[in-house]
Every structure is written in structure tokens, then in C-alpha cells.
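Remarks on the overall topology
Here's the letter readout for the chains.
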Amino acid sequence: MCERCKELRHEIYKLRDENTVLHQRVLTAQLESDLARATNTEVTFLTLEQVCKYLQLSDVTVKKYIKSGSLEAINTAEKGGIYRISYKALLAFIKHMTVEKLEVCKC
């Protein structure tokens, strides 16, 4: 591969990384907007199954997030783990996980 092709490939990778960062910032802004709207509306609760489908995760994984305190939920049964998650808590969880996991170095 010639030097010019190497430079172009490097530039493409750099632009792809910048695009990824901008895309993440847009998603974060959208989540913040949704969270602000959810704050001003009545409280809506989702079932564990709805949250699993929304996040595309298994119920075991979502329960681990709940038990670790990462995802705020209400346990409606003393035993049996029937959870309800507010829409606001779900958006806050997504925002927290997105920013924490996808943050790219800005140096």
C-alpha cells in the first residue's frame, strides 16, 4: 500500500471516529430531552418484560442491573421479584450507561 493510501485510510478512520462521537452526542441530547419531558409528565411504569424488550436484554441481565442499583425499580411483591420501572428511571439508566460505556477520548 502506498503512502497516500495509508494517509487516506488514516483520515477515513479519523472521520469515522469523529462521526461516532457526534452520533453519541446526538443520542445523549435526545435522551436528555426525553428525560426532561418525562420529568414534566405523569409517572409511567413499565413491566420487566417491556424493559427487557426495549433494551433487547434478557430478564436475568435486567434483574442484575436492578439488584446492583444501576436501574431503579419498584418491587411490587415481597417475594417473587415482580418489578415495575418508571419511564424516567429507564431513560436515566440508558443515558448513564451510554455516556459511561461509549465516551471517547477528546484529547
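This one's a predicted model, so the numbers in the text were calculated from it and none came from an experiment.

The complete set of buried residues in helix α2 (residues 48-55) reads Leu48, Val51 and Cys52. Burial along α2 is one-sided: seen end-on, the buried residues are contained in an arc of 100 degrees. Exposed residues on α2 whose side chains face more than 90 degrees from its buried face are Glu49 and Lys53. Gln56 sits one or two residues past α2 and shows a positive phi near 55 degrees.

Oppositely charged side chains are able to pair whenever their charged atoms sit close together. Inspection of every chain in the model, using the stated rule, returns 1 salt bridge. Among the ionic pairs, Arg4 bridges to Glu7, the shortest N-O distance being 3.7 Å. In this pair, Arg4 and Glu7 are both assigned in helix α1 (residues 3-39), 3 residues apart and thus about one turn of the helix distant.

Mapping Tyr87 onto the fold places it in helix α4 (residues 87-102). Judged by its relative accessible area of 31%, Tyr87 is partly exposed. Expressed as a C-alpha distance, the spacing of Tyr87 and Val51, which sit 36 residues apart in the sequence, is 9.2 Å.

The next thing to look at is the environment of Glu49. Relative to the helices and strands, Glu49 resides in helix α2. Sequence separation of Glu49 and Asp59 is 10 residues, and the distance between their C-alpha atoms is 7.1 Å.

A separate point is the sheet that holds strand β2 (residues 74-75). Strand order across the open sheet formed by 3 strands is β1-β3-β2, with antiparallel pairing between neighbours. With one partner strand each, in any of the chains shown, β1 (45-47) and β2 form the two edges of the open sheet. Strand direction decides the pairing type here: β1 and strand β3 (residues 83-86), joined by 3 bridges, are antiparallel. Among the inter-strand pairings, Thr47 is bridged to a residue of β3, identified as Arg84. Set on the sheet, α2 makes contact with β1 and β3; between it and β1 the angle comes to about 85 degrees.

What counts and what doesn't
Residues numbered from 1 in each chain as written. Predicted model: local features only at pLDDT ≥ 70, side-chain atom pairs only at ≥ 80, totals over all residues. Heavy atoms only, no water. Buried < 20%, exposed > 50% of the residue type's maximum accessible area, 1.4 Å probe, protein only. Helix = DSSP H or I, 4+ residues; strand = E, 2+ residues; numbered from the N terminus. Arc of directions from axis to C-beta. Salt bridge = Lys/Arg side-chain N within 4 Å of Asp/Glu carboxyl O. Pairing = 2+ DSSP bridges. Contact = heavy atoms within 4.5 Å. Axes fitted to C-alpha atoms, helices over the stretch in contact; angles between N-to-C directions.

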